[in-house]
Structures are given as C-alpha cells and as structure tokens.
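Now for the letters of each chain:
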Amino acid sequence: MKSGWAEHDAQALVARCAKSGIDHELALRIYTTRLLGRDPALVLHGGGNTSLKTRLRDRFGEEVEILRIKASGAEMAAIEAEGFPAVRLAPLRKLRGLEAIADPDLVAIERANLIDPTAPNPSVEIMLHAFLPHKFIDHTHARAVLRIIDQPDGEERSADAFGGRLAFVPYLMPGFALARKAIDIFERTRPSDGLILSKHGIVTFGENAREAYERMIEMVTLAEDFVERNGKSVAIARRASEITPIAAVAPIVRGACSQKNEKTEGAWRRLVLEFRSRAAVLDFLDRTDLGRVSEAGVATPDHTIRTKNWPLLLPRPKMGKLDDFARAAREAAGKFAARYHDYFERHNRRVGGDRRELDPLPRVALVPGLGMFGLGRTKHDAAIAADIAEEWMAVVDGAERIGRFESISEAEMFDCEYWPLEQAKLGFTTERPLAGQIVAVTGAAGAIGAATAKAFAAAGAEVALLDVDLAAAADKASALAGTALPLRCDVTDAASVQAAFEEIAARFGGVDIVVSNAGAAWQGRIGEVEEATLRQSFELNFYGHQRVAQAAVRIMQAQGTGGCLLFNVSKQAVNPGPDFGPYGVPKAALLALMRQYALDYGADGIRANAVNADRIRSGLLTREMIASRAKARGLSEKDYMSGNLLGREVTAEDVAQAFLHQALALKTTADVTTVDGGNIAAAMR
Ligand SMILES: [Zn+2]
C-alpha cells in the first residue's frame, strides 16, 4: 500500500482551514483522516477513527488539554473539523483508576466534558485514544491486517509480520475495558509504532499527522507482504451450469427475506436489495468450503450491525428450476430467521434480558453462480451491507490463503450487535411509512407522475421513474434522493415494459407498488373517428396499463408479499365528455381492468385501485388549452381551473397524495378515489 500523502494537498488544506480559524495540526488531522477514509482496504462506512491531543483556551481563557476525536459513526473520507468533537483530556485520563464503568456513565462523562456541548458523540473507541499518550493516533480495520489476525494463532502471526513494532492486545469488545487493557500492554511492552487489536484492527501513533498515517501505511504494507509471502491458492470449483438471470432470482430472494407484520394484517417488513457480481464475489461463492466460511462470522466487530453475523446461503438458481430455488430460498430464509431469534434469546438471557430484538432478516444473501445481495431497509443501507460483505469476503479469502479464518465468538458478536453505543451509529430516526418498499411510476416525467414519484420518495419508498423520455425522467429523478432510478419505458411496447421491470428487479430486488400513470388524450366524434386513432389510444390508455400491471404482478407473485397496483383513470372513464370518446372509452376499459385485477389477485394480497382526477395542469391540459377553454367559457383561467363544487384548483400534488393514500390503505381494493374538487356528474355511482 502506498502513502497517499501529497505535500501540496496537505499544505493547501492547511491554508484553506486557516481561513476558518482551524490550526495546522487539526487541518493535517483532517487531511490524513480523509486519506485513510478514502481507501476501502482500510476503513468502510463509519468504521475506524483518528484523534489529536492538543490544547485550547476555554471560555474562561484557561488553557486546557483536549482530545479531538472522530465523532461516532462519522465518515472519515469526508470529515470536517466539526467531525472532531473536542473533549477535556484530564477527566478522561482520571478514569483509568476505575476498574469498570457503565456505558451510560461513560457517555455522560464524555458529554459533560465536551468543549462544545452541542458537538456529536465521540467515537466509541475514545478511551483507547485518551489513555495512549501519543499526539496523533490512527485506527483502522485494514483488510491485510485482519487477514493475519482473524486467525486462531493471530498473535504468533502478528509477531511474525510486525516484529516488536506493534504490541498485541487480545480481543475485548471496543469500549472502556479494551482501552484499559491496551494501555497496560502498551506500557509494559512499549511498541514503537502501535497496537494490534486482536480480531478487530490496528492502531498506529505518531508525534505528527504524517508519522501516524505513514506508520499505518507501512504496517499495512508489511501485512500485505506477509500474506503474499505465506499465501497458498484456495480450491475453487467453477461449476458450469446455466444460471437463472438476476431479474427472476432477485424477487424470490427479496420475498423470502421479508417478514409478515403480525400486528397489521396485510403489512410486511420488506428490504431493498443491492446486487454484486464481481469476479472476486463469484469466485468466493464457488469455494468448495463456502458452507464452512459462511458460518465463520464477521471480519471486525462493528460489521455485525450492518451485515448481522452470518450471511444467508442459498442454492444455485439453475435455469428451468426456479420453483425448486424458490422453495429452497424460503426454507433457508425461514431457518435463518428462526436461528437468529434463538441466538437473540440465548444471549439476551445471558446479559440480563433487557435487549430488544432486531428484525431476524438477513442482511447478506449469497447465491452461488449468480452473485451476492446486500439487503437493507433502504437502498443506501443495502449498498453498505453489500460493501461490507465484499470486504468480508476479501478478508476471509486472504485469511484462508495463509491459515484459517477465525472470528470472535457468537457471544462476542452479540455483545457488539446489541451494544447500545454501536446501534446508535445507525441513528434512531422514525421510519417512514413506505420504508423498504419499491415503487414504479410510469409517465414519471409528466406533472402527475413527477409529483407522485416525489410523494412516494418522501414517504420512504425507493422509486423508479419510467418515461418514454429518458432525459426528462432523469431530470425528475435527480430532484429526488440519490437512489431514484430513471428508466426509458414505452408502455405501448411489450419488450420495453418487460425490460424496464427486469431492470427494476435487478436494481432494487423487486417491486411493491406500481403507479400506472402514462397516458395521452385523443379526440374525435366516436361515430366518425378513424379506427386507427381509437386503436392508438387503446394501445396507450388501455394496453399500456395492462402490460405494466402484468409485468408488475409477475414480480409481486414471485415475491409473495402482496402488492399494490394504482391506475390513473380519468374523469372520462366515469363522466364522458363530448368528442372525447377516443380517450374516454379506453379509460372506461381501464377502470374495468382495475376491478378485474382487484378481483383476480385479491387472494394474493395484491390490491388494485384508481384515482379519478380532473382538470390538472399537465401535458394533457397545457397552458394554451387552459387559456382557450377559459376564453370560450368567458371565464378567467383561475375560475376555469377552479370550476368545481369546492371552487378550488386541483394540483398534481393532490393527485399524488391520493395515490399515496391508496398505497397505504391496506384494506382498500377496487376503489376509485376522486380528486376533482367536486363534480357531481363524475361522482361514482
Ligand atoms: Zn475499531
């Protein structure tokens, strides 16, 4: 591993920081922390931490010694000065006299000694940094180091690889006890460069930022060389069998890894998927000892909150044998959940019975021949789980090349997974109503489609925006969360619809809600209109919806967790307007289609509903049309748009909220919600 230190960059950051009153020591602390954070072979997603001991004047003008330590869960790659809360060092050092201290007491002392009382919580590894005397301390979970120390004989291997430069600290979970043990061992052995924390990571220190950082790089390089020198190749049996494509497999995996909500009938706890199939992943999944290593546990303790302790191991999804795969997947996922529950019960009893069980669903699923899925309540969390699982594979693979991968014990993993300070890293935000759900919106670049995509994203769903105009869909997607997926989809083309839904399944794992919204208006007196015009309208305004619903239902059936089809019927379906037959007749057929889906798939938990909206500013009702119609009726545009019983203009956002309401109403199917400000002639009878 090469040092990323670039004097020019370091000085540029020092100069930039100086403008905000940040001194050069903290600036360089930020600089090397970012260098460490940007390399996934060193730290991942909030793991690892760094610190700086320095002095500052408090509000009374007194000079105090402080520890600036990375905030708990902060990302090192993008850290700023605020990511290093300053804590008075003297009271922390005093704690060394204690045999033990309860976590809440420790956190209270840390917070009471923050220079800025509004600063974020310091890293859970703060006491290790406080007790060690060095000015700069760097801590990572470096891949190459873990390969050497995640071994039954990690201590001997560590001595071989690093000599006396790093002292070896036997495993203890992160926190006060580990910090005490580490400082005792440090004082006894006086290593020159740092510490190995068994089954966990590496610490280096130095008198300046560069020294601590470059020692880290040097030690990691020693570890890399050691693995290279001592590594043997591992048997991989490439098995040639035709594998079912991801788009067909993902909904089965996602469905198997869902949990029925026992309190609310019809509700499910669902997860979003992230798929990985790099060559290294596929090779790992073809290991002859995959069964054993998949049971071996995490690579470093804090991974357990993201991936749980073990992945779900599934069989190969052989082509033409999808039903067998589905059966086996459900059985394996069921066993996983039962085993997790048992694990929780046993260890919760051991620690006094006061922990609350997390959901028992896997966060990583291994599918030999196909790839690996990360699972999470959001796409973002699923991607983090996948990143960590890939890292775990890299550590296990390297460890097995030089010996035998060994993790901490099940009890030790439980203690980390259910350590309140670890769980705090995930943040205690209230879950949004559609968390874990995936929605596809057609006609997503239009006014109603875009407003609907936005409303569903705000409700916590992952959103795919389908439109015949990809650039316009991408534009609307960019206004949403980073995970929104724009897709080109022409609903009049069966292949295009199929491809779009396959892409959604591959990207997110499946689909739960479809808002079938794409449409366009044709006019003509029904007795005189060209048949071609009518057929064209049917292609879009009826068959388009049918193709979309059919593609969605296929995925929903594979998931086996119900679903929701929402159709944009128009007022024309209920209350035809003169010369609007070519538009209204297929829309009336669409209303019947909605009812047919409600009827045929109710037993599968798939609901079908429609929104009947009228007079919305959109591509179907443009500014020019509004102006000319208002003029024809002798009305102002405002009065024309508000020409309903309530005298209120109806907006695309109102329609979006109606769709959202229908998505959330788990006991409602075959419903038409009218969003038109009141029009008695269009009222449902
Ligand atoms: Zn750590």
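Refer to the preceding data block for the structure.
All values derive from a computational prediction rather than experimental measurement.

Asks: What is the right way to read the coordination of the zinc ion from this model?
Replies: Four donors placed tetrahedrally around a metal ideally meet at 109.5 degrees, and six donors placed octahedrally ideally meet at 90 or 180 degrees. All of the protein donors around the zinc ion are Glu125 (OE), His139 (NE2), His141 (NE2) and His200 (NE2); their distances to the metal are 2.1 to 2.6 Å. One can describe the site at the zinc ion as irregular: its 4 donor atoms subtend angles covering 73 to 167° at the metal.

Asks: Please clarify how helix H22 (residues 581-601) should be interpreted in this entry.
Replies: The end-to-end C-alpha distance of H22, which contains 21 residues, comes to 30 Å, matching closely the 30 Å that a straight helix rising 1.5 Å per residue would cover. Within the sequence span of H22, burial applies to Gly581, Pro582, Tyr583, Gly584, Pro586, Lys587, Leu590, Leu591, Leu593, Met594, Tyr597 and Ala598. Among the structural elements, helix H21 (531-559), strand E18 (563-570), strand E19 (606-613) and strand E20 (671-675) are those in contact with the buried residues of H22.

Asks: Would you take a moment to explain the pairing of E19 for this structure?
Replies: Across the 8 residues of E19, 8 count as buried, placing the element largely inside the fold. Because side chains alternate across E19, one face comprises the buried residues Ile606, Ala608, Ala610 and Asn612, and the other comprises Arg607, Asn609, Val611 and Ala613, equally buried. Direction of pairing for E18 relative to E19: parallel, over a ladder of 8 bridges. Bridged to Val569 within E19 is Asn612. Considered for its hand, the β-α-β crossover made up of E18, H22 and E19 is right-handed. Bridge count for E19 against E20 is 5 bridges, and the pairing is parallel. When the sheet's bridge partners are listed, Ala610 is paired in E20 with Val672.

Asks: Help me understand the nonpolar core in this model?
Replies: A general trend in soluble globular proteins is that nonpolar side chains are found buried together. By size, the foremost hydrophobic cluster in this structure holds 63 residues, and its most contacted members are Val145, Ile148 and Phe162. Among the elements that make up this core, the one with the highest residue count is helix H9 (residues 209-230) (10 residues). When neighbours within four sequence positions are excluded, Ile148 is seen to be in contact with Gly154, Arg157, Ser158, Ala161, Phe162, Ala223, Phe226, Val227 and Ile402. Listed in part, the 44 residues of the second largest apolar core include Ile438, Ala464, Leu487 and Cys489.

Asks: Help me understand unusual backbone geometry, please; the structure alone is not making it clear to me.
Replies: In terms of backbone geometry, most residues other than glycine have negative phi values and most peptide bonds are trans. Although it is not a glycine, Lys199 sits at a positive phi angle of roughly 60°. Inspection of the secondary structure puts Lys199 in the loop between strand E6 (194-197) and strand E7 (201-206). Looking at Lys199, the relative accessible area reads 11%, which means it is buried. Even without glycine at this site, Ala670 takes up a positive phi of about 60°. Following the sequence through the fold, Ala670 ends up in the loop between helix H25 (652-664) and E20.

Asks: Quick question: what am I supposed to make of the side chain of Arg157 here?
Replies: Assignment of secondary structure puts Arg157 in helix H7 (residues 154-162). In this structure the side chain of Arg157 is engaged in a polar contact, spanning 2.8 Å, whose partner is the side chain of Asp153. Discounting chain neighbours no more than four positions away, the residues touching Arg157 are Ile148, Gln151, Phe226, Ile402 and Gly403.

Asks: How do you make sense of H21 when you look at a structure like this?
Replies: Side chains of residues three or four places apart in an α-helix project in the same direction, reflecting 3.6 residues per turn. Taking 1.5 Å of rise per residue, the 29 residues of H21 would be expected to cover 42 Å, and the 40 Å separating its terminal C-alpha atoms lies within 8% of that figure. When the local axis directions of H21 are compared, the greatest deviation, roughly 40°, occurs at Tyr543. Looking one or two residues beyond H21, the residue adopting positive phi is Gly560, at roughly 70°.

Asks: Help me understand the packing of helix H20 (residues 494-508) against H21 in this model?
Replies: Relative orientation and spacing of two packed helices are given, respectively, by the angle between their axes and the distance between those axes. With their axes 9 Å apart at the nearest point, H20 and H21 run at an angle of 35° to one another. Judged by the sense of rotation from one axis to the other, the crossing of H20 with H21 is right-handed. Listed contacts from H21 to Ala494, Val497, Gln498, Phe501 and Ala505 of H20 are Arg547, Val548, Ala551, Ala552, Arg554 and Ile555. Partitioned by chemical class, the residues of the contact of H20 with H21 number 8 nonpolar, 1 polar and 2 charged.

Asks: What am I meant to see in the sheet that holds E18 here?
Replies: For sheets, the rule is that strands pair by backbone hydrogen bonds, running either parallel or antiparallel. Taken together, the 7 strands give an open sheet; going across it, the order is E16-E15-E14-E17-E18-E19-E20, and neighbouring strands pair in parallel fashion. Each edge of the sheet is formed by a strand with only one pairing partner; in this case those strands are strand E16 (485-488) and E20. The sheet shows a mean angle of 20° between the axes of neighbouring strands, direction not considered. In this fold H20 packs onto strand E14 (438-442), strand E15 (462-467), E16 and strand E17 (513-516), with an angle of close to 160° to the strand it touches most, E16. Those strands touched by H21 are E14, E17, E18 and E19, and its axis lies near 170° from that of E18.

Asks: Whenever I open this one, the environment of Arg96 confuses me. Can you help?
Replies: With respect to the element layout, Arg96 can be found in the loop between helix H3 (89-94) and helix H4 (103-112). Using a relative accessible area of 27% as the deciding quantity, one classes Arg96 as partly exposed. Distance in space between the C-alpha atoms of Arg96 and Ser233 is 46 Å, their sequence separation being 137 residues. Discounting chain neighbours no more than four positions away, the residues touching Arg96 are Phe131, Arg180, Ile183, Asp184 and Glu187. At 2.9 Å, the side chain of Arg96 and the side chain of Glu187 are in polar contact.

Asks: What's the story with the packing of aromatic side chains in this structure? I'm lost.
Replies: The relative placement of two aromatic rings is captured by the distance of their centres and the angle of their planes. Counting across every chain of the model gives 16 aromatic pairs. With a centroid separation of 6.0 Å and an interplanar angle of 75°, the aromatic rings of Phe131 and Phe176 are classed as edge-to-face. With Phe131 in helix H5 (residues 126-131) and Phe176 in helix H8 (residues 176-189), this pair connects stretches of sequence that are 45 residues apart. Each member of the pair, Phe131 as well as Phe176, is classed as buried. An aromatic cluster is defined as three or more aromatic residues linked by ring pairs; in this entry it consists of Trp310, Tyr340, Tyr343, Phe344, Phe414 and Tyr418. In this structure, Arg339 is placed above the aromatic ring of Trp310, and the distance from its NZ or CZ to the ring centre is 4.0 Å. When the ring centre of Tyr640 is taken as origin, the NZ or CZ atom of Arg615, which lies over that ring, is 4.2 Å away.

Asks: Honestly, the pattern of salt bridges in this entry has me stumped. Any pointers?
Replies: Pairing of side chains with opposite charge becomes possible as their charged atoms draw close. Applying the stated criterion across every chain yields a total of 49 salt bridges. The salt bridge partner of Asp512 is Arg270, with a shortest N-O separation of 3.1 Å. Within this pair, whereas Asp512 is found in the loop between H20 and E17, its partner Arg270 is found in the loop between strand E9 (268-269) and strand E10 (272-276), the two being separated by 242 residues in sequence. By the burial criterion, Asp512 is buried, and Arg270 matches it.

How each quantity is defined
What you see as residue numbers is a count from 1 along each chain, following the sequence as written. With the structure being a predicted model, the display of local features is reserved for residues of pLDDT at least 70 and the display and counting of side-chain atom pairs for 80 or more, all residues being used for whole-chain, interface and lining totals. Heavy atoms from the whole structure form the basis of all side-chain values; hydrogens and water molecules are not counted. Metal donors: N, O and S atoms at distances within 2.8 Å, or within 3.2 Å for Na, K and Ca, with water omitted from the atom set so that some sites may seem incomplete. Every angle between 85 and 135 degrees makes a four-donor site tetrahedral, while opposite donors more than 155 degrees apart, with all other angles between 65 and 115, make a four-donor site square planar and a six-donor site octahedral; other sites are irregular. Secondary structure elements are taken from DSSP: a helix is a run of H or I of four residues or more, a strand is a run of E of two residues or more, and numbering for both begins at the N terminus. One fewer than the residue count of a helix, multiplied by 1.5 Å, yields its expected span. The classification of residues rests on relative accessible area computed with a 1.4 Å probe and restricted to protein chains. Under 20% of the type maximum is buried, over 50% is exposed, and intermediate values are partly exposed. Note on contacts: a residue pair qualifies if any of its non-hydrogen atoms lie within 4.5 Å across the two residues. Here a strand pair is declared whenever DSSP counts at least two bridges between the two strands. Handedness of a crossover is defined as follows: orient the strands so they point away from the viewer, and if the path from the first strand over the helix to the second runs clockwise, the crossover is right-handed. Note on terminology: a nonpolar core comprises buried Ala, Val, Leu, Ile, Met, Phe, Trp, Tyr and Cys residues joined through side-chain atoms within 4.5 Å. Two N or O atoms form a polar contact when they lie within 3.5 Å of each other; inside protein one atom must be a possible hydrogen donor and the other a possible acceptor, and for residues adjacent in sequence the pair counts only when both atoms belong to side chains. At any given residue, the bend is defined as the angle formed between two axes, one fitted to the seven residues that end at that position and one fitted to the seven that begin there. Simply put, an axis is a line fit to the C-alpha atoms, just over the touching stretch for a helix, and the angle between two N-to-C directions goes from 0 to 180 degrees. A clockwise turn of the near helix away from the far one marks a right-handed crossing, whereas an anticlockwise turn of less than a right angle marks a left-handed crossing. Each residue is assigned to one class: nonpolar for Ala, Val, Leu, Ile, Met, Phe, Trp, Tyr, Cys and Pro, charged for Asp, Glu, Lys and Arg, and polar for all the others, Gly among them. Ring pairs shown here join Phe, Tyr and Trp side chains whose ring centres sit within 6.5 Å, with only the six-membered ring taken for Trp; geometry is labelled stacked below 30 degrees between planes, edge-to-face above 60, and tilted in between. In our convention, an over-ring charge means Lys NZ or Arg CZ found within 6 Å of a ring centre and within 35 degrees of that ring's normal. Within this document, salt bridges are pairs made up of a side-chain nitrogen of Lys or Arg and a carboxyl oxygen of Asp or Glu, the two lying within 4 Å of each other.

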